[in-house]
Each structure stands twice: as C-alpha cells, then as structure tokens.
Amino acid sequence: MDDDFLRTVRRISDKLGGNHIYSSLSCADILRAIFHVKDKNDVVLLSKGHAAPALYAVLMEMGLIDEEEIEKAGTPSSRLQTHPERGTPGVLLSSGSLGQGLSMANGIALAAKMDGVRRRIFVVLGDGELDEGQIWEAAATTATYELNNVIAIVDRNGRQLTGPTHEIKIKEPLAGRWSAFGWRPVECSGSPEEEILRAIDLAEETGRPTVLIFRAVNVHEELQRRLWRGAC
Amino acid sequence: MRSFRDAFGEELVRIGESKPDLVVLDVDVSTSTRTRMFATRFPRRFIQLGISEQDAVSTAAGLAVAGKIPVLAGFAMFLMRAWEQIRNTISRDNLNVKIAGTHSGFSDHVDGSSHQCLEDIALMRVLPNFTVVCPADAQATRCLLSQVVERTGPCYLRLGRDNASSIYDQEKLELGKASILADGSDVSLISCGPTLGICLEAVEELRSKGFSCLVLDLHTIKPLDDHSIVQAADTNGIVVVEEHRVQGGLGSAVAEVVSERKPARIVRIGVRDGFGTCSRRYEDLLSLHGITKESIIRAVEALMR
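Residues numbered from 1 in each chain as written. Chains lettered and ligands numbered in written order. Predicted model: local features only at pLDDT ≥ 70, side-chain atom pairs only at ≥ 80, totals over all residues. Heavy atoms only, no water.

J.: Just to check I follow, could you spell out the overall build of chain A for this structure?
T.: Helix and strand counts for chain A stand at 10 helices and 7 strands. Taking 17 Å as the expected radius of gyration for a compact globule of 232 residues, we find that chain A reaches 17 Å, a close match to that expectation. Referenced to the eigenvectors of the C-alpha coordinate spread, the extents of chain A come out at roughly 45 × 40 × 30 Å. The 232 residues of chain A split such that 56% are buried. Sequence separation of 24 or more characterises 76% of the internal contacts of chain A that already satisfy a separation of 6 or more. Summing over all exposed atoms, chain A offers an accessible surface of approximately 9500 Å²; the carbon and sulfur share of this is 49%. Chain A carries 27 positive and 33 negative side-chain charges, and their two centres are separated by 1 Å. (Helix = DSSP H or I, 4+ residues; strand = E, 2+ residues; numbered from the N terminus. Rg over C-alpha atoms; globule rule 2.2 N^0.38 Å. Buried < 20%, exposed > 50% of the residue type's maximum accessible area, 1.4 Å probe, protein only. Contact = heavy atoms within 4.5 Å. Areas by Shrake-Rupley, 256 points an atom, 1.4 Å probe, with all protein chains shown as cover. Lys, Arg positive; Asp, Glu negative; His and termini not counted. Charge placed at Lys NZ, Arg CZ, Asp CG, Glu CD.)

Structure, rendered in structure tokens:
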C-alpha cells in the first residue's frame, strides 16, 4: 500500500472516530483490488461495515466521492456515515451490524441467476464476524444453490474488537470450515488483484462458491508501524 | 373458509400469476404457512432457506435491491428472532420486502407458549417505513395482501392459523383506513385480527341490553388511521381487544393517539402478563386470558356506568 492511500484511509478514519483503523487497513488493499477488477454490473458488499474508511478511500480514489464530502464525513448531513449506508455510491445495502452481508450477497446472486443476468457479488467479511451464526446459515445457502457468482473474501487479520481472534472464539481451521460447508476455499498470499481474478476463474470452472482467505496478520502491523512512525 | 393461511397461500398464487417479480421465501414451514401452493405453481420463484430466519431476512434484502418483490413467510414467533435484521436492513434501507408472520397470537394453540407470538405488533409497529397489517378473516387477508404487494415498501402481515372469523363477504378493505363493522354511539370497540369476531358477538348481546357500539376493524396498525380513532373517542369510552399483550400492542397504539388528540377512557383487553400454554382448543386459551365476549360486555357496562 502506498503512503498516499494509507494516509487517506487514516484521515477518513480519524473523521469517523478512528476506532477501526486497524480493521480498515487490513482490508484496504482487498477493497481496492475488487473495485479494480469488478465489472460495471458487479456488486461489492462490505459486511464488516466498520472498515468504511477503507471503502471511502477507494471510492474517493475512483472519483465517486470528492474531497469536500470526505471533509464532512461522519457528520449528520453526510452520506459518509461511520458504517456504510445505502445511497452512498458503491453501497447497495447498509451494513454496520455484523454477520449479514453474505446472506444479502446470496439474495442478489439468486436474483441474478433467476434473471439470467451475469453479475458477480463480492462480499468482504471480517474474521471476527465469523462468530455470528448467520454467516454459516448463509454459507449453507450459497452452497445449496451453487451460487458461484458469490465471491466471499475473508479479511483474516487475526484481531477482533477486544483481542486476538483465537482468544475470543476459535476460527480455525478456517479453510476447513468453508470447505465442509461446500465452498472452495483459497488461501491467499499473492497480490489481492491476482488472487481475486484467479478466484473468478475458479468459480466459473468449478461451479462452486469460492472464498478467499487473506491472512493479513503481519501486513497491518507493518502498516501501523509506518503510521505511528510518522512516515505518512 | 375460516383459515388465514389457506387464504394467504391461495392469494399468493393468484398474485404470482400477474407479478413475475414476486418471489417467496420459506424457512422450512411451507406446509404450515401454505406457501407450498406457490412452490408447486412457481418452483423457480420459491426459495427454500431452511430453518434460518436471520439468513432469510437478509437474503430477502438482497432480492429486493435486485428488483424482486420478496415475500417471506414463517411463524410470527420465529421471524421475530430476526428482528434486528428486519430493523437494520429492511426498515433502515426501506426495502420492498413483505414479511408474513403466521400462527400469531394463540392460533398455534397445540404447540404452546414457545410458538405463540404475543409481541409482534409491539415489535413491528415501532419500525420506520413499515406498514403493519392484521387482517380479520380470510377475505380481509386476500384483500390486504394484494394491496401490500402493490404498495412499494416494507410490510409486516400478521396472520393467525385457522382461527379466522367470517367478517367480510366480498367487501373491499382499504389499506390504512379502518373499516366500520357496526355503528353506535355509546362505546367504541376497536380490534384487529380474529378477535373482531368476538367483538361482533358482544355487540349483538349489548344491543339487546340497550347499548349501541361502534366497532372498528383497525386492520392497518401502521400507518394508523388517527382520524377514525379520534372519532371513536367521541363515545363514552373505547374498549380495545387484541390477541396480543396489552403492552405495546393495538391498545397501546390507540392510547397513544387518544391521549394526545382527544383524551378518553380506554379499557384494554388482551394478554396481561405471563405466557400461553398448549391447549387442545384455541378458544380455551382466549378464555383463560380473558379475551372473551363476557369481558367486553363487562368493560362496556363499566364505561357506561
């Protein structure tokens, strides 16, 4: 992540209370990559809504929101709420309450299949929100209907609000869990853009829903060090 | 027909014939809610989510933003476990999702307290953007269902099981406007759903005692027909009858309007406290909780004293 982008995420995060900078940094490159590779008709859902600063930074980079709007972010009259709300460019459904994005993605995907419309739904999940039972209700739905137009991406940053994920509630074996639910899990180590493009192909080939697991544990620590060091 | 769910299931199929965007979501209760009829007629527009109410609500949200008209039917009680999803997505994003809660009140008398939803009016009428409707009988169910499908926006339809009275024949009900079932000037009876049948029985007997009562079917609980309620407050008092807790339900909704607009005495008849039980007969549960013709007559007489 370049310094300019890192600075933007931080600046937006500060305007929104600054509580979720860590979670925003760990998925910023993922969101950026999705918006780069997605077709016009595709949908992006940020299920981990508290990472809104990363989303807004991407939208700003794409020219969908401007500097003036960023200045007003987090005020009552701004579209840029602390958690994304419907009506903001690129936001089809509000989030903020965890564990619900995958179900929403399934709904959009089911409609696309019914209508014979080519449309991919990228849904970004936090690892912490995998504690929610609804995620697994939804995971079973995706597999039941073989919705290979849903691409789930887990930001496995290893942290949730009050501590390391493994101390709060076990998440591993994460790939094994998704696999057991009928998904095709992919452990990702390459660039998000390449991994996502590969996943799209994989989903088309296999006909199964695909989940990408990005283990960003070290990435965000390095980013944070850069932030605190004042490099940005 | 005296079954809410049969009327609901049949009407869904009828509407489905002319509305290709209508899709029905089930949480493994389609035989009970009668959405099985729709599944048989339109298998490709029927989505089985399994026993996953929360997933079903958020999936409906996705279908709605993609241009579908999702109708999610399940037991009222178990749909309420997804209240937060309903609140945070369907209500907040003002989505065109229709939620039908069947087996409400004591109608699932056999299954007991875990299945008997006495809180859904309270939970649903506080949600912005929502229309909340509780039909009195099979004809009202058909008539109001077709109107809520026509109206863009979220709706909660409160249905019983097979406990419908026979109130309406071919009359047309107007969404958002209370129906006057009997005219009178002594006391006003306001109710919604199956308890209207009890109100009409009470009115017959009260008439023979020399009392004339206005009876309002307040089938649309939100938005509320304030005007009709204020008019009802012109009598010597209002008796509200509901198959729901008195806290937060129809009686509370009426009291909110009356206390602000035209203070009048109100007696609320409904479930006071505690829970239901299983019962072989539906009517026995109503009696146990004082939702009876006799309670209504006593209340009217007290107001006239």
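After that view, the rundown keeps rolling.
J.: What exactly am I supposed to notice about the overall build of chain B here?
T.: In terms of regular secondary structure, chain B is built from 13 helices and 12 strands. Relative to the globule expectation of 19 Å for 305 residues, the C-alpha radius of gyration of chain B, 19 Å, shows essentially globular dimensions. Each principal axis of the C-alpha distribution contributes one length, and for chain B these read about 60 × 40 × 35 Å. Counting across all 305 residues of chain B, residues that qualify as buried make up 63%.

J.: Even after reading the chapter, I still don't get the sheet that holds strand β7 (residues 210–215) of chain A, so can you show me in this structure?
T.: Strand pairs in the sheet, formed through backbone hydrogen bonds, run parallel or antiparallel to each other. Residue and element names in this part refer to chain A. On the basis of which strands lie adjacent, the open sheet formed by 5 strands has the order β1-β2-β3-β7-β6 and parallel pairing. Among the strands making up the open sheet, the edge pair consists of β1 (43–46) and β6 (184–188). Strand-to-strand twist of the sheet, defined as the mean angle between neighbouring strand axes without regard to direction, takes the value 20 degrees. The strands that helix α9 (residues 192–206) touches are β2 (121–126), β3 (150–156), β6 and β7; relative to β7, the one it contacts most, it runs at about 160 degrees. (Pairing = 2+ DSSP bridges. Axes fitted to C-alpha atoms, helices over the stretch in contact; angles between N-to-C directions.)

J.: Is there a simple way to think about the side chain of Asn148(A) in this case?
T.: Residues and elements named next belong to chain A. Here Asn148 is to be found in the loop between α6 (133–144) and β3. A distance of 2.7 Å separates the side chain of Asn148 from the side chain of Lys113, its partner in a polar contact. If near-sequence neighbours (up to four positions away) are discounted, Asn148 is found in contact with Lys113, Ala203, Glu204, Gly207, Arg208 and Pro209. (Polar contact = N/O pair within 3.5 Å; in protein donor to acceptor, adjacent residues only side chain to side chain.)

J.: So what exactly am I meant to see when it comes to the packing of helix α1 (residues 3–15) of chain A against helix α3 (residues 52–61) of chain A here?
T.: Residue and element names in this part refer to chain A. Running from N to C, α1 and α3 point in directions that differ by 125 degrees, and their axes come no closer than 8 Å. Considering their axes alone, α1 and α3 lie oblique with respect to each other. Note that α1 runs across α3; the crossing there is right-handed. Taken together, the residues of α3 that come into contact with α1 (itself represented by Phe5, Thr8, Val9, Arg11, Ile12 and Ser13) are Pro53, Ala54, Tyr56, Ala57, Val58, Met60 and Glu61. Within the contact of α1 with α3, the residues separate by chemical class into 9 nonpolar, 2 polar and 2 charged. (Parallel < 35°, antiparallel > 145°, perpendicular 65-115°, else oblique. Left-handed = near helix turned anticlockwise from the far one by under 90°. Nonpolar A, V, L, I, M, F, W, Y, C, P; charged D, E, K, R; others polar.)

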